[in-house]
Amino acid sequence: MKKFLVVVDMQNDFIDGALGTSEAVSIVDNAAKKIKNFDGEIFVTFDTHYDNYLQTSEGRNLPVKHCIKGTDGWNLNQKIIDALNGKNYVTVEKSTFGSTKLPNLIQKAACNEDFTIELIGLCTDICVVSNALILKAAFYENEISVDSHCCAGVTPKTHNSAIDTMKMCQIIIK
């Protein structure tokens, strides 16, 4: 059985940059350890925006420039980069919360074998839940899980709400 790990948006702007939180900072070591110890294929998503971000639908609703491609805030956290060193991984740029490309990439990587998917990253209540639900819809018979110790939300309350939502949609919470 193949195992896939999806590392969602472990970028500087979500950790200690424009939209960073102390909760996000606190899960970096857990996420890095998970990546280092993971035996399987890894997909790493990048929230990717451009200079016109504030004119986009998301930018009008969240008017904080973040993850502008080519900036330090768009880059992965250094501990995450170090953990990925020597690992087999694919990067996935996404312009919104969930990646519609990710299911096709995983299906292709599975090569008709059975597989599981585990997600970690930021933010639990926006991009992690969005990607988890997209993957559960695409692969409803496969085990989809989220390691809550390697995730952080915008607030602890919204993190817990997202965890509850994923549980209700039969995503395994670790």
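Residues numbered from 1 in each chain as written. Predicted model: local features only at pLDDT ≥ 70, side-chain atom pairs only at ≥ 80, totals over all residues. Heavy atoms only, no water.

Enquirer: Lay out the packing of aromatic side chains with the relevant residues and their values.
Expert: All chains considered together, the criterion is met by four aromatic pairs. Between Phe 46 and Trp 74, the ring centres sit 4.8 Å apart and the planes meet at 35 degrees, which makes this aromatic pair tilted. Of the two residues, Phe 46 is situated in strand S2 (residues 41-47) and Trp 74 in the loop between helix H3 (57-61) and helix H4 (78-84); the sequence distance between them amounts to 28 residues. By the burial criterion, Phe 46 is buried, and Trp 74 matches it. Each residue in the set Phe 4, Phe 43, Phe 115 and Phe 139 is aromatic and connected to the rest through ring pairs, giving one cluster. (Phe/Tyr/Trp six-rings, centres within 6.5 Å; stacked < 30°, edge-to-face > 60°. Helix = DSSP H or I, 4+ residues; strand = E, 2+ residues; numbered from the N terminus. Buried < 20%, exposed > 50% of the residue type's maximum accessible area, 1.4 Å probe, protein only.)

Enquirer: So what's going on with the pairing of S2? Which residues, and what values?
Expert: Along S2, six of the seven residues are buried, which leaves the element largely enclosed by surrounding structure. In terms of strand pairing, strand S1 (residues 2-8) meets S2 through five bridges, oriented parallel. Across the sheet, Val 8 pairs through a bridge with Thr 45, a residue of S2. Pairing of S2 with strand S3 (residues 89-94), which is carried by six bridges, proceeds in the parallel orientation. Across the sheet, the residue bridging to Asp 47 is Lys 94, located in S3. (Pairing = 2+ DSSP bridges.)

Enquirer: I'd like a rundown of the sheet that holds S2, residues and numbers included.
Expert: Two orientations exist for strands paired in a sheet by backbone hydrogen bonds: parallel and antiparallel. Pairing within the open sheet is parallel, and its six strands lie in the order S3-S2-S1-S4-S5-S6. Two strands close off the open sheet at either side, each with one partner strand: S3 and strand S6 (172-173). Bridge analysis of S1 against strand S4 (residues 115-122) gives seven bridges, and the strand direction is parallel. Bridge pairing in S4 places Val 6 opposite Leu 119. The strands touched by helix H7 (residues 156-168) are strand S5 (143-152) and S6; relative to S5, the strand with the most contacts, the crossing angle is about 170 degrees. (Contact = heavy atoms within 4.5 Å. Axes fitted to C-alpha atoms, helices over the stretch in contact; angles between N-to-C directions.)

Enquirer: I'd love a proper account of unusual backbone geometry, names of residues and values included.
Expert: Note the cis peptide between Leu 122 and Cys 123, where omega equals -25 degrees. Along the chain, Cys 123 turns up in the loop between S4 and helix H6 (124-138). Positive phi is not limited to glycine here, since Asp 9 has a value of about 50 degrees. Relative to the assigned elements, Asp 9 resides in the loop between S1 and helix H1 (12-15). Judged by relative accessible area, which is 0%, Asp 9 ranks as buried. A positive phi angle is found at Asn 112, which is not glycine, with a value near 65 degrees. Within the fold, Asn 112 resides in the loop between helix H5 (102-110) and S4. Classification of Asn 112 as exposed rests on a relative accessible area of 77%.

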